[in-house]
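Each chain, written out:
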Amino acid sequence: MAKPHVNDRGFIRCPCNRCINNAQHQLEVLETHIHRFGFMSDYNDWIYHGENVYAASSSNVLHPNSGVHDRDEMFEVLEDIISNDAEVDQLGSQSSNVQYDDLFTALNSELYPGVSSFSSLNFLVKLMHLKVMNKWTNKSFDELLKLLKLAFPKMDLVESHYEAKKLMTKMGLGYQSIHNSMSETCPVCFESRWKMQAGRRKGKNVPHKVLRYFPLAPRLKRLFATSKTAKLMRWHQSGKSTDDNVMRHPVDGRVWKDFDSKHTEFADDVRNVRLGLAADGFNPFNNMSISYSMWPVVLTTYNLPPWLCMKPKYLMLSLLIPGPQSPGKDMDVFLRPLIEELNELWENGIDTRDAINDRKVFKMRAALLWTVNDFPARSSLSGWSGQGYKACPTCNENTPSMRVIGKTAYFGHRRFLPSTHRWRSNLDFDGRTDRKRPPRRFSSVDIMDQLRRVKTTIPGKHPNYGGVKRKRGEDELNWRKKSIFYELPYWAEIELKHNLDVMHIEKNICDSLLGTLMGDPHKSKDTDNARRDLQNLGIRSELHLYEDGNKLMKPAAEYTFSEANRRKFCRFVRSVKFPDGFAANLWKNVAQNDSRIVGLKSHDCHVIMQRLLPVGCRSLVNKTISSTIIELSFFDIMIHLVLHLPEEAILGGPVFMRWMYPFERYLKRLKDYVRNAAKPEGSISEGYVVDEALTFCSRYFDDIETRFNRPDRNDDGIHRTRRLFVFESQCKPMGKQSQVYVEKNMRDRAEFYILNNSPEIETYLNQHKQELQLRGCLNPDKAHRNEFADWFFEKIYAMNRVHAPEVTHELLSLASKSNVFVSSYPACIVNGVRFVTHARDVRLKTQNSGVSVPGTENEMFYGQLQEILEFSYLNDFSVVLFKCKWFRCDSRRMVTENNITSINITSESYKDDQFILASQAQQVFYVEDPSRGPNWRVVQHVNHRSIWDITEDGMSDIDLLQDNSSSNFTLFVDLGNLPQINLQRNDGDVIPIVQPFTAVSQHVYETVSFLNDDDEEDVSEEDDEIVEESADEETDEGNDAVDTEEDDDDHSYHTSDSD
């Protein structure tokens, strides 16, 4: 009887005593279950197996055992969890599902007698989800449960948050606690496994360290357990770019393609998983005076589309390395369980059910493509020290470096110029010519040859074993160790193993550059020792220190701002207003006296480097310096690493999928899990497992707001589909609506614009033009504008009287003209972008009134939004138009230099053609141009976050996110045409140095030498202890670019005075 009633996948509900019609299986599995667990005793009416007991019109079919509504989402949740459980055998029968008994009990319990729309489990999961989404405290949740129990005594609900969390954990994937040693004493150093506490006689033994490991395989299997994500795991195959000049995902990079060509068996199944790994330290406490460094290891899945794979809900916590000390070079000890599982997933794979392929079992394999870390963490993971003469991991032993006073500097970058470039013969750089070739790229074979010479050391910090510092041998170069990643069979062949993190590099360069320009004594690279280095090298004599009596004088340099210019630059930064959600309000970082800029986070530095600095410094320093923004003395390793970023982009793909921004933000989420300051690692682990289970459940919820259906900040709602293009020009209005009477001349111009931009009536437009030509009209264009609306009205109504099939309700409404009264709004949201009229914009801290539209020949027109008008037509149709003030864009009033476009905003154009469709508008914002005067503005284009220019078939030309993208303009400088300039500022400003002048000892400079490719000195491991200059990037001193408003994926940088 049941066989004809299987679903299209061959599944049917199982009436055994364990499944009780909650889970679905194939018929052979169903028979196994009934034989093993027995048949439901109270299942008399076989409503799920073909027996028609209830009327066909009944839509509220109840569960035969509980009375709970059959649409309960938790049925599907548990079905997907159980069907993909690791303990499911080939027939699908569960060997042990005791852990799910409590869940099934709650699922089959009515929340309240007579309430069939909610099961007890469904209500609890949604209540816990609201707690997480809105950041309720545990105590507030307990109080809410008490109130619900008090108000509804018969409600079937848990008593406390602790009980709720225990139930949620059963839907989670759990974690393993691994002690520092599984025996009572360490087999290497023979130290006790347990902490020895004085005076303690009883109680539980406490291990020295506990590593929390979150197994990878079950988390990857769960991505295929539901059709909601299983399809997305194939995106990399269907969505990759077909244009070799376009990259929008790592699949378009050379590393991915080379990996597929070398491992064809792995690449043949698109479901096999490519992973990226990130590790960073952070302080889990809000009290930053406490020294504590905890290290999460996070994995991301690159199979997913580019707009999902870096979102927090798709990142997976793999390891939680305990504090309080950083693991340092002993990182490999903690990575051991992950590497072993990655090897297992590569060699043997794991049986996984595919939700969109009839739940058939396939062998899922996984591979690690690369790591993403800041530079110090990169040293710990890769084994190559980031300090000393050979600090660059790409240049390797050929790193161009030299020793200067107090530090190692990285010079000699003329070798990257063309061999005939005139700067190669210039003596102003270091007193020498440079004919060296660029450093060669070291192959995988070269790297493995180097690693064979590295001595094997015992990890750990015990003084008798691995904790003793040692001097590296000359043949070991900068290798500290052979990384544990080389135990992966494919790792040695990957060309890009460890990404240089653009976020931290950009942050460090911005700090150095701004510090030098602003003359910040703490961050400037134009130090006294830098001037002494120039003097010793015999270059830039105008910048040498000189003695004036008992004082040492320091000439002001051209690459630093004078005091007046420093204030001008600060006022420029203070004046900038960004679009809503684009960046933080930088005016908060400018000191009250306009003397300095402080407290910049990583994203602030990103915006300053990409958007503001090229514009703001043009009139404040020499033109040559403003174009290059280079000074020799601050060539530290961060500046040098910039040279390798373009190559890594070609190898790995788009930068926003290989930098630390999403991972740093994810650390903020982990930090929010800490509720017990005495046990931060335990709090994070428990909180993560519960949140992981709730996130999985929330994929099935449509009736409450979740991370997956939460509307964007600038969501414009769901619009009805129209046949006519102009009727799709809609918006979500904001602010007070007002009814405005529009004069006939303006309304005629607006209506003609609407008609002229309706591609569906192009035939009628051409027909009217032809009639005008036949009439011999002297000015056909003007006549067409003035007469077409009336002609079109008569034409359509004549066709309607004879019931012409072409005349639809929309076409008839369009021909009938609009209402004389128009709705006006001060702001609106169109296609996910917020626009505000200029009159209101001037009162806000954000700028959302800038608009642009492309012309017919791809030229751009720029303006300011003046009015937002909604024209109403018959049958409830409407069109939203923007009335704009358009600036003149001729060669005198719009100038483009170094890809920076400046426009004069005092000259207005197109006064008789001010309208555009709201859907045509592209947002820009304007920044003052100090180099051209108060009436000039620099145009900045905006690539909005969460808006992807990718068509339904996955093809696209653009893949940028707003706050993860570089600037639209790129500074292009012809280095061959730059003049040689005197770097001393000619304003007579001289900086006295407090200490008296003392001649520098000659022996200090005897060690200063430019190192050739074959004579670089070795550096002891003591040099490796210094920390990267930008220490605030370690999250234990603050999370950069972390959105503290929301703890999900919506990380916009909202301003405090927005709408």
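Residues numbered from 1 in each chain as written. Predicted model: local features only at pLDDT ≥ 70, side-chain atom pairs only at ≥ 80, totals over all residues. Heavy atoms only, no water.

Asks: So what's going on with the pattern of salt bridges? Residues and values would help.
Replies: The final tally for this structure, using the stated rule, is 36 salt bridges. A salt bridge links Glu647 to Arg441; the nearest nitrogen and oxygen atoms lie 3.2 Å apart. Of this pair, Glu647 sits in helix H21 (residues 645-652) while Arg441 sits in the loop between strand S12 (407-409) and helix H14 (444-452), and the two are 206 residues apart along the sequence. On the accessibility criterion, Arg441 (34% relative accessible area) is partly exposed. A salt bridge links Asp449 to Arg452; the nearest nitrogen and oxygen atoms lie 2.4 Å apart. With a gap of 3 residues between them, Asp449 and Arg452 both fall in helix H14, about one helical turn apart. A relative accessible area of 33% places Asp449 in the partly exposed class. Through salt bridges with shared partners, a single network forms among Arg234, Asp269, Arg271 and Asp354. (Salt bridge = Lys/Arg side-chain N within 4 Å of Asp/Glu carboxyl O. Helix = DSSP H or I, 4+ residues; strand = E, 2+ residues; numbered from the N terminus. Buried < 20%, exposed > 50% of the residue type's maximum accessible area, 1.4 Å probe, protein only.)

Asks: So what's going on with the environment of Arg480? Residues and values would help.
Replies: Looking at the element boundaries, Arg480 is found in the loop between H14 and strand S13 (498-500). Measuring from C-alpha to C-alpha, the distance between Arg480 and Val454 comes to 7.5 Å, with 26 residues separating the pair along the chain.

Asks: Explain the packing of aromatic side chains to me, and be specific about the residues and the numbers.
Replies: Scanning all chains against the criterion turns up 32 aromatic pairs. With centroids separated by 6.1 Å and ring planes inclined at 40°, the aromatic side chains of Phe569 and Phe572 adopt a geometry described as tilted. Linking Phe569 with Phe572, this pair stays in helix H17 (residues 563-575), spanning 3 residues, or about one helical turn. For the pair Phe569 and Phe572, one class covers both residues: buried. Relative to Phe792, the ring of Phe788 has its centre 5.5 Å away and its plane inclined at 15°; by these criteria the two rings are stacked. A residue pair is termed a helical-turn pair when its members lie 3 or 4 positions apart in one helix, as Phe788 and Phe792 do in helix H26 (residues 780-801) at 4 residues. Judged on exposure class, the residue Phe788 and its partner Phe792 are both buried. A network of ring pairs unites the aromatic residues Phe259, Phe266, Trp346 and Tyr490 as a single cluster. (Phe/Tyr/Trp six-rings, centres within 6.5 Å; stacked < 30°, edge-to-face > 60°.)

Asks: Which residues make up the environment of His263, and what values do they have?
Replies: With respect to the element layout, His263 can be found in the loop between helix H10 (254-262) and helix H11 (264-268). Considered as a pair, His263 and Tyr490 are 227 residues apart in the sequence and their alpha carbons are 8.8 Å apart. Dropping the residues within four chain positions of it, His263 is found in contact with Trp346, Tyr490 and Glu493. (Contact = heavy atoms within 4.5 Å.)

Asks: Outline the confidence of the model for the protein, supporting the account with residue identities and numerical values.
Replies: Residue-level pLDDT values for the protein average 80, and 80% of them are 70 or greater. Per-residue pLDDT stays below 50 along residues 630-634; that stretch engages in 16 contacts with residues further than four places along the chain or on separate chains. In this model residues 951-978 is a low-confidence stretch, pLDDT under 50, and it forms 85 contacts with partners more than four residues away in sequence or in other chains. (pLDDT = per-residue confidence, 0-100.)

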